[in-house]
Amino acid sequence: MESEAPTMENNPKISAYYQTRLAHFGVVSTEWLAQAQSATNPLLSSSTDSDTDKDTNFSVIDEFNRWRSHPDLAEAVAAIRALAAVISSSKASTMMQLEIELKNASDTLKAWDTTSISLTAASDLFMRYVTRTSALEFEDFNSAKSRLIERADKFGEISYKARKIIAMLSQDFIFDGCTILVHGFSRVVFEVLKLAAHNKKRFRVFCTEGRPDRTGLRLSHELAKLDVPVKLVIDSAVAYTMDEVDMVIVGADGVVESGGIINMMGTYQIALVAKSMNKPVYVAAESYKFARHYPLDQKDLVPAIRPVDFGVPIPLKVDVECSARDYTPPQYLTLLFTDLGVLTPSVVSDELIQLYL
Amino acid sequence: MDARRAPRAVIDPIVRKVGFFTPPDPIPFEFSPSANSLSPVMIPPPRHSSENHDLNSRPSVTSPSGDETIAVSGSCNSVLSELFPAPMLPAPSPKIGNGDGGGIVASSFPSGGFDLTVVKASGGVPVCKLTTVSVVNADSFAIDEREKPNRGGGSTMEGKDQAMNSKQKKDKSSKAERRALQEAQRAAKAAAKAEGNKASGTATSVNVKSAKAAKAPQKVDNTSVAASEKKGGDRPSEKDRKKDVPHPRMQYDDKSRVEKAKRRAVVNQTEARNRVELFRHLPQYEHGSQLPDLEAKFFQLDPVHPSVYKVGLQYLSGDISGGNARCIAMLQAFQDAIRDYTVPSEKTLVRDLTAKISSYVSFLIECRPLSISMGNAIRFLKSQIAKLPLTLSESESKSSLQSDIENFIYEKIILADKAIVEHAVTKIRDGDVLLTYGSSSAVEMILLHAYELGKQFRVVVVDSRPRLRGKLLLRRLVEKGLSCTYTHINAVSYIMQEVTRVFLGASSVLSNGTVYSGVGTACVAMVAHSFHVPVIVCCEAFKFHERVQLDSICSNELGDPDVISKVSGREDVNDLDAWANTENLQLLNLIYDATPSDYVSMIVTDYGMIPPTSVPVVVRKYSREHVWI
């Protein structure tokens, strides 16, 4: 179990993002249950590390952690909600001041975890969306501020509902009798499968174990609860089982400008195998995950370290590859299911250009 | 509508042979020393009498020639003037059967629609013809018949096909009657010429004509034609001067059009012999004869501003090469020209200046065909001229235009390069081996900046004959202290194993993601792709174009084939010295090639890093912002 591994949770080398993932999606254990219980208590203040600079009485990190503690909420949405709260509780009196405050809050959030792509992307998108035609339309500061709050809330709503929209859009692609391969535990993909099960579709799921997180175990647990036939597959057996599979559905940590995705380690492998066997690979990702990165190869990413537990002690001389995610180029992806619609990978850049330029 | 199609004596039009082969009839008519006036290739003269003005205006246009020519040209003019408001006007001129009436009919048929759209789109610029002409955009030649080249502004892909298949469309029906008419007119013209030659006093026209006559014997006929044209076409001179401007992407397989272009050309070029069959639609001239000729005429060509003339000479001699350098030189020359420009009386600044710019552009085209980025810059300039409010005084307009050009150069080229460098250096890591091909200014800036930032990398410079531009880049890099490797393109698959990134420059990027760049770029990109090495293309956004090109053949530039046959420093390699005399040997020196988008990983522009599939998005956004069209 993870708790047996030395200095797991306090390891500063683990990106906070993955600490959260551990907390949320780790193997079901009593510790996890206890944590979940305490997390859903809204009055409880944050327990995880939040040694941040409190420049005002209101700390955006606190707010962020409060939102983030909900297991169902995506981290990016939590960030958006936190930023919206910044606006509403801001004591600024001019637009310029407000925008500076927002910028500071956004930078703080981004600095809290530099490896999380969706966090950065969502903050940037929020800033862009909210302040796009900000002060020029209104002379009255209060009306401008209320307009900003309205926009921020709307953005939060959209992001929150994004999963439902994606689930709805992807129903057409799941047909009766199909076999779906999923990797790791993505809440979006889970939503998709949940809705399909709810719509009484007959399908079965192959679920990879997803080492080192072993989040696949949790997903299989959840799917079993929905009475979906699920089969656990170790990561190395993906090619072996690929000919029985009809489609692959994965989530994404971030969607990059080339149209490729950054996701949990192992996604690239699965996509390669699927492509060589002509199986479609679908990605379910919300639109706030579109980021302005452009990796050229695997090493071009911002590294996110995640120590791997092998169950036995490893001598120090042995090096371990501990990157937590990989990059899948767009030529291996078939379609993206987003809340903007069902898109091809080349449309991502189109959207980004329209938004940012 | 190809009634005016000249019969192709050289090739059988039904069977089109693709590839390199010698034409069955080895004597093209243009090289026969005897000025055979019965050649079926000759253009019926009166058609051009009104429209064909040389760029040098002939102020001393004198007494009109025979009545016939005047009458014909008169009708020609009137129809032409009508053509602007009502492009669909059917040709009123009688069935002269020659290019005149036929030309009108021909041009009204297909280009009416196109010109209309252009007229509308250009915001009501009355000089719609000019805007069409110098627009180097998706226009291919819409028509293959012998229409005025400037009318070919309409653009369709089918038009391109037509131009390519032009050989196959041959209308033999009216050839005989056309020939008869030609003879009659030629006789009249000979009489006119006799007077005309005495009457013309301008040194320029005589010089040009005599020079032309000296240049190529076949032009003896042309001079007679030119003489009568010069006289006959005095009237709506500015309108006709507009028509002088040939389409920048004129197809050169039609002899008639080529000769027409030659007649109004300032630069005297002789067509090369031994031309490769597949590339006959591109212009190819004998190199080496133009430069001294132009230099001698420097003080005689009034209509061409000295700065523009100088830039043209520099293009011809190869002193200025490289997309950005050419573009900047041209724009600065235009700045000078605008500064020294004064509006003639009774003319509006907008129209006249646009006409002048177009004439300069056609002069530059004769020196060296335009690159796509230059075409975009010219389009920008013309749209700026067109958008000048009429209330501005002349000096204000001129200064506004000059500052526009200044801003264009600064924003689109200099600042854009800075933005490109900022983005691209993030893709260079320590320990990288970067490969570059040829000499691109953007790539050079990137490498130097990365070196200044202290990144540890080494550079492989790949070069190729005949221009060997990589040597200049190599020298500049080594001076700054970068560690470089130099190799030729035949070793690129060997060296690619150790390369981690490839940086390429581009002359232009087309809408389907195709990169149009110096010849050899496609080869390097393909090898890189097969070795899974990412290919990064660095190109300013103003070089993007909405045209689509699928191969390197339909649009390209042919360089001097003699440089292939010689190897500098190796005088003993002289096997190809007499290549021109060998009938079954043709040398081909292409300047550009097209790299498909599959081999390009990323394009770095001043808009950021985009995948090749997003080029049309940028083009769309760009043209919306700047309203070029």
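Refer to the preceding data block for the structure.
Residues numbered from 1 in each chain as written. Chains lettered and ligands numbered in written order. Predicted model: local features only at pLDDT ≥ 70, side-chain atom pairs only at ≥ 80, totals over all residues. Heavy atoms only, no water.

Draft legend 1. Region of the structure containing empty space enclosed by the protein. The final tally for this structure, using the stated rule, is 12 cavities of 30 Å³ or more. Estimated volume of the second largest cavity: approximately 140 Å³. Class assignment of the residues belonging to the lining of the second largest cavity gives a composition of 6 nonpolar, 5 polar and 4 charged. (1 Å grid on protein atoms, 1.4 Å probe; cavity = no way out; pocket = protein on both sides within 12 Å on 5 of 7 lines; lining within 4 Å. Points joined across faces, edges and corners; volume = space filled by probe spheres on them. Nonpolar A, V, L, I, M, F, W, Y, C, P; charged D, E, K, R; others polar.)

Draft legend 2. Local environment of a nonpolar patch on the surface. All names here are of chain A. There is a patch of nonpolar side chains on the surface, built from Phe310, Val312, Ile314 and Val318 and spanning about 350 Å² of accessible area. Residue placement: Phe310 occurs in the loop between strand S7 (281–284) and strand S8 (325–328). A relative accessible area of 45% means that Phe310 is categorised as partly exposed. (Patch = residues over 30% accessible without salt bridge, like charges linked within 9 Å, V, L, I, M, F, W, Y side chains within 5 Å. Areas by Shrake-Rupley, 256 points an atom, 1.4 Å probe, with all protein chains shown as cover. Salt bridge = Lys/Arg side-chain N within 4 Å of Asp/Glu carboxyl O. Helix = DSSP H or I, 4+ residues; strand = E, 2+ residues; numbered from the N terminus. Buried < 20%, exposed > 50% of the residue type's maximum accessible area, 1.4 Å probe, protein only.)

Draft legend 3. Examining the nonpolar core more closely. Core analysis: the largest hydrophobic core is formed by 75 residues, its most contacted members being B:Val308, B:Met330, B:Phe334, B:Leu435, B:Met496, B:Val502 and B:Phe544. Discounting residues that sit within four places of it in the chain, B:Met330 has contacts with B:Val311, B:Tyr315, B:Leu364, B:Met374, B:Ala377 and B:Ile378. Counting 58 residues, the second-largest nonpolar core is a separate cluster that includes A:Leu148, A:Val283, A:Tyr288 and A:Leu333. (Core = buried A, V, L, I, M, F, W, Y, C linked by side-chain atoms within 4.5 Å. Contact = heavy atoms within 4.5 Å.)

Draft legend 4. Summary view of the packing of helix H15 (residues 372–386) of chain B against helix H16 (residues 394–425) of chain B. Residues and elements named next belong to chain B. Between H15 and H16, the shortest axis-to-axis distance is 10 Å and the interhelical angle comes to 150°. H15 and H16 meet at a crossing whose hand is right-handed. Side by side, H15 and H16 meet where Ala377, Phe380, Leu381, Gln384 and Ile385 of the first sit next to Leu401, Asp404, Ile405 and Phe408 of the second. A class-by-class count of the residues in the contact of H15 with H16 yields 7 nonpolar, 1 polar and 1 charged. (Axes fitted to C-alpha atoms, helices over the stretch in contact; angles between N-to-C directions. Left-handed = near helix turned anticlockwise from the far one by under 90°.)

Draft legend 5. Broad picture of the interface of chain B and chain A. On the side of chain A, 15 residues touch chain B, which itself brings 18 residues to the contact. Where chain B abuts chain A, roughly 1300 Å² becomes buried across the two surfaces, and 57% of that area is made up of carbon and sulfur atoms. Our count for the chain B to chain A interface comes out at 5 salt bridges. Where B:Arg501 meets A:Asp300, a salt bridge forms, and the shortest distance between an N and an O atom there is 3.9 Å. Taken together, the links from chain B to chain A amount to 5 residue pairs in polar contact (both at pLDDT 80 or more). Breaking the side of chain B that touches chain A down by element, the ones donating at least two residues are strand S10 (608–610) and helix H22 (615–626) of chain B. Counting residues per element, the side of chain B that touches chain A draws most heavily on H22(B), which supplies 4 residues. Its residues assigned to classes, the side of chain B that touches chain A comprises 10 nonpolar, 3 polar and 5 charged. (Buried area = accessible area lost by both parts, 1.4 Å probe. Polar contact = N/O pair within 3.5 Å; in protein donor to acceptor, adjacent residues only side chain to side chain.)

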